[in-house]
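For reference, the chains in residue letters:
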Amino acid sequence: MSEGYAYLLVFGLALSVSLALIPLADWLGKRIGAVAKAGGRRSSEADHKRLSRLGGIALFGGFISAVIAAQFLPVPRLDSYEIIRLTGLILGSLIIFVGGLLDDLIELKALPQFLFQFAAAAIAILFQIFIQYFNNPFTGAQTDPFPYIVTVVLSLFWLVGMMNTMNWLDGMDGLAAGVTFIAGTMLFVNSAFRVEPAQTSVSLLHLALMGASLGFLLFNFHPARIIMGGGAPFLGYALGTLSIIGGAKMATILLVVGLPLVDAVWQVVSRIRDGRSPFSGDRGHLHFRLLDIGFTQRQIVVAYYLFCAFFGVLTLVTASQLFKFIALAMMFLLVALGFVILTRLNRSHPASSDK
């Protein structure tokens, strides 16, 4: 089988299953009352429409079905630990999906949500999905392998951070799913066409995520007909693990999701500085700040897409680690400057709680 046919099959399967599960997720959510509800911290258009919160079923189902199917395709497999890492990817995905589903049904507190995230990250590490080294941006050479304890701490921080980043990003129709699709695309292009030899089997995993997120996005772009609810941490877990599997691609993911990642860090620091829990809700996230000064949901979401895609493409046009480091630093500075400006513009708007 040619690589092109394998790519089409996996992407098509993930997209088809995701689309097929949307009606089920919509019906089931409304049937059992797992719907968005306006009031208190929730006041978006989707909350007033009482949309089903079980969109994560379509995301998870599309991704996992395509990942499993990809293992039966006769494509080159270069990683001797691939089946071990694949097992960790599936088990960890299942754990974080179940945690998200429970949150959709009974609205878990912050601690139980964190425990599910920690458990999923621990599973990944136990199954050889961890960060062992970095590429030195100034020399281009790999660092020596880290001591195991450093590897574990870095990997936990990365994976839990990605899960929370995507969870907090999911505050507007189409935002988290669209950014995930863009990130998956950058990972796919890198592993399928830029590295030598091509990591074909790993590329199929990226296509599975792309297909699942696109299928969901077709029903989630504003005005949404369904929301992902607890599916957002699953997307973060998938991005975090796939950026490690097949060779660390953290630079790619950092440049694509750097905007929401800086947003997440900014909010954590701000909440701690104000004496609040870092997991407490507020309206300080960048997309809410932009909404409060008059931008529409579509304008904000498309701006996120363009910003993330632009910096993601930078990882594809050069192999220079120093160039990527400079691009990353510039992006962080731009986002930080944007926060300073928006903070001043938003001073007249009272803070309210949110996700």
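The structure under discussion appears in the preceding block.
### Details of the packing of helix 1 (residues 3–32) against helix 8 (residues 200–220)
Next, step 1: Running from N to C, helix 1 and helix 8 point in directions that differ by 30°, and their axes come no closer than 7 Å. Taken together, helix 1 and helix 8 sit at an angle that is classed as roughly parallel. For the element pair helix 1 and helix 8, the recorded crossing hand is right-handed.
Next, step 2: Its residues assigned to classes, the contact of helix 1 with helix 8 shows 17 nonpolar, five polar and one charged.

### Some words on the environment of V152
Next, step 1: Of note, V152 is situated in helix 6 (residues 148–169).
Next, step 2: Taking the C-alpha atoms as reference points, V152 and S52, separated by 100 residues in sequence, lie 37 Å from one another.

### Some thoughts on the pattern of salt bridges
Next, step 1: As enumerated under the stated definition, the model contains four salt bridges in all.
Next, step 2: Residue R53 pairs with D104 through a salt bridge whose shortest N-O separation is 3.3 Å. Here the residue R53 occupies a position in the loop between helix 2 (45–48) and helix 3 (56–70), and D104 occupies one in helix 4 (residues 82–106), the gap between them amounting to 51 residues. By the burial criterion, R53 is buried, and D104 matches it.

### Some details on empty space enclosed by the protein
Next, step 1: Counting across every chain of the model gives two cavities of 30 Å³ or more.
Next, step 2: Volume-wise, the largest cavity comes out at about 80 Å³.
Next, step 3: For the lining of the largest cavity, the secondary-structure elements that each account for two or more residues are helix 4 and helix 5 (110–126).
Next, step 4: When residues in the lining of the largest cavity are grouped by element, the largest group, four residues, is from helix 4.
Next, step 5: Considering only residue class, the lining of the largest cavity consists of three nonpolar, six polar and one charged.
Next, step 6: In this model, the second largest cavity occupies a volume close to 50 Å³.
Next, step 7: Lining the second largest cavity are Q71, D79, E82, R85, L86, V202, L205 and I245.
Next, step 8: The biggest single contributor to the lining of the second largest cavity is helix 4, with three residues.
Next, step 9: Here the lining of the second largest cavity is built from residues that sort into four nonpolar, one polar and three charged.

Calculation notes
Position numbers for residues count from 1 along each chain, tracking the sequence in the order it is written. This being a predicted model, a pLDDT of at least 70 is required before a residue's local features are given, and a value of 80 or more before pairs of side-chain atoms are given or counted; all residues contribute to the totals for chains, interfaces and linings. Only hydrogens and water are set aside when side-chain values are computed; all heavy atoms of the structure are taken into account. Axis geometry follows a simple rule: fit a line to the C-alpha atoms, using only the stretch in contact for helices, then measure angles between N-to-C directions, giving values from 0 to 180 degrees. Secondary structure elements are taken from DSSP: a helix is a run of H or I of four residues or more, a strand is a run of E of two residues or more, and numbering for both begins at the N terminus. If an angle is under 35 degrees, it is roughly parallel; if it is over 145, roughly antiparallel; if it lies from 65 to 115, roughly perpendicular; otherwise it is oblique. Here is the rule for handedness: rotate from the far helix to the near one, and if that takes an anticlockwise turn smaller than a right angle the crossing is left-handed, while a clockwise turn gives right-handed. The nonpolar class holds Ala, Val, Leu, Ile, Met, Phe, Trp, Tyr, Cys and Pro. Asp, Glu, Lys and Arg form the charged class, and all remaining residues, Gly among them, are polar. Each reported salt bridge corresponds to a side-chain nitrogen of Lys or Arg within 4 Å of a carboxyl oxygen of Asp or Glu. Here the term buried applies to any residue with accessible area under 20% of the maximum for its type, exposed to any over 50%, and partly exposed to those in between, with areas from a 1.4 Å probe on protein chains only. Definitions used for this entry: grid spacing 1 Å over protein atoms alone; cavity, a set of points where a 1.4 Å probe fits but cannot get out; pocket, an open set with protein on both sides within 12 Å along at least 5 of 7 lines; lining residue, one with an atom within 4 Å of a point. Grid points are joined across faces, edges and corners, and a volume is the space filled by probe spheres set on the points.

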